[in-house]
Amino acid sequence: MFTIGVTEKMAESLPMEREEFDKRDLPEIYRWQMNRFSVRDKEGLLLMNDRTALTLVLFGLEDEQYENIDNVLRGSLKQLLQMLDINEEYKRDLLDNSKKIILTKTDNRRTLGRMKESLKLLEGFTEEREFEEIDAVEVNRWMNENMVFSTLANITPIKELNDYYENNHGQ
């Protein structure tokens, strides 16, 4: 199971209700935060993992996609994991646990701070481009392989994810 923290305003546009959920027994690797952003007057979503800062950026979602947001997130996460250098076992674990998604209130200030930092860099990364010129694959690869977070032991989200599974999973 995944929990995804969303703001009250964002929750209003989603078909799923936010739930009260005690996350103490849920490993941080299965906890995420999500928020909206705008690039060139087009809306996007940023989903970030609380433990590793693994980031999924979605551009230009249509209203119908918000109505099936859990399926959209699962499919997009699968695509993200396929393009990144991640062990198949780790991918399978994340995808298996994404089969049930519970929306909650945002609750991780560290992740929310990382998201703000990511959005500032995303603005710079896309600054000289028209919306149609923005390559979502390139953005997602860059955010996970090159984005540096001083709060991560392994600096980048992809290294942090691989390290988590190599050293901590199951403990």
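The structure contained in this document is the topic of the report that follows. Counting restarts for each chain: residues are numbered from 1 in the order of the written sequence. Local features are withheld for residues below a pLDDT of 70 in this predicted model, meaning they are given only at 70 or higher, and side-chain atom pairs are given and counted only at 80 or more; totals for whole chains, interfaces and linings count all residues. Excluding hydrogens and water, the side-chain figures rest on all heavy atoms present in the structure.

### Focus: the overall build of the chain
Link 1 in the chain: The secondary structure listing takes helices from DSSP runs of H or I that are at least 4 residues long and strands from runs of E that are at least 2 residues long, numbered from the N terminus. A tally of helices and strands in the chain yields seven helices and five strands.
Link 2 in the chain: Note that the radius of gyration is over C-alpha atoms, with the globule rule given as 2.2 Å times the number of residues to the power 0.38. A compact globule built from 171 residues should have a C-alpha radius of gyration of about 16 Å, and the chain, at 15 Å, falls within 12% of that.
Link 3 in the chain: Across its three principal axes, the chain shows a C-alpha extent of roughly 45 × 35 × 25 Å.
Link 4 in the chain: Buried positions account for 48% of the 171 residues belonging to the chain.
Link 5 in the chain: Sequence separation of 24 or more characterises 64% of the internal contacts of the chain that already satisfy a separation of 6 or more. Burial classification: accessible surface area is computed with a 1.4 Å probe over protein chains only, and a residue below 20% of its type maximum counts as buried, one above 50% as exposed, and the rest as partly exposed. Throughout, a contact is declared for two residues whenever any of their heavy atoms are within 4.5 Å.

### Things to note about the environment of Lys 99
Link 1 in the chain: Here Lys 99 lies in the loop between helix H4 (88-97) and strand S5 (101-105).
Link 2 in the chain: For Lys 99, a relative accessible area of 59% corresponds to the exposed category.
Link 3 in the chain: Sequence-wise, Lys 99 and Val 148 are 49 residues apart; in three dimensions their C-alpha atoms are separated by 29 Å.

### Describing the pairing of S5
Link 1 in the chain: Counting buried residues along S5, four of its five residues qualify, which places the element largely inside the surrounding structure.
Link 2 in the chain: Note that strand S1 (residues 2-6) and S5 share five bridges and pair parallel. Residue pairing in the sheet places Phe 2 in a bridge with Ile 101 of S5. Note on pairing: DSSP must find at least two bridges between two strands before they are called paired.

### Considering the nonpolar core
Link 1 in the chain: Residues belong to one nonpolar core when they are buried, are Ala, Val, Leu, Ile, Met, Phe, Trp, Tyr or Cys, and are joined through side-chain atoms within 4.5 Å. One finds Ile 4 and Met 34 to be the most contacted residues of the largest nonpolar core, which totals 35 residues.
Link 2 in the chain: Considering every element that reaches this core, the biggest residue donor is helix H3 (residues 69-83), with six residues.
Link 3 in the chain: Counting residues in each nonpolar core, the second largest holds 17 residues, with Phe 37, Leu 46, Met 143 and Phe 149 among its members.

### Overview of the sheet that holds strand S2 (residues 31-39)
Think of a sheet as strands paired side by side through backbone hydrogen bonds, with each pair either parallel or antiparallel.
Link 1 in the chain: Ordered by their spatial adjacency, five strands build an open sheet running S4-S3-S2-S1-S5, and the pairing between neighbours is mixed. Single-partner strands in this sheet number two, and they are strand S4 (55-59) and S5. Neighbouring strand axes in the sheet, compared pairwise and without regard to direction, differ in orientation by 30° on average.
Link 2 in the chain: As defined by bridge partners, S2 adjoins strand S3 (residues 42-49) across eight bridges and the pair is classed as antiparallel. Paired with Asn 35 across the strands is Leu 46, a residue of S3.
Link 3 in the chain: The sheet contacts of H3 involve S1, S2, S3, S4 and S5, and relative to S4 the element is tilted by about 120°. Geometry is summarised by axes, namely lines fitted to C-alpha atoms with helices restricted to the contacting stretch, and by angles between N-to-C directions that run from 0 to 180 degrees.

### Describing the packing of aromatic side chains
Link 1 in the chain: Working definition: rings of Phe, Tyr and Trp (its six-membered ring) pair if their centres are within 6.5 Å, and the pair is stacked with planes under 30 degrees apart, edge-to-face with planes over 60 apart, and tilted otherwise. The full count for this structure, using the stated rule, is five aromatic pairs.
Link 2 in the chain: Measuring from centroid to centroid gives 5.3 Å for Phe 2 and Trp 32, while their planes differ by 45°, and the two rings are tilted. Here Trp 32 lies in strand S2 and Phe 2 lies in strand S1, a separation of 30 residues in the sequence.
Link 3 in the chain: For Phe 2, a relative accessible area of 3% translates into the label buried.
Link 4 in the chain: Note on Tyr 164 and Tyr 165: the rings are 5.2 Å apart at their centroids and 85° apart in plane angle, and the pair reads as edge-to-face.

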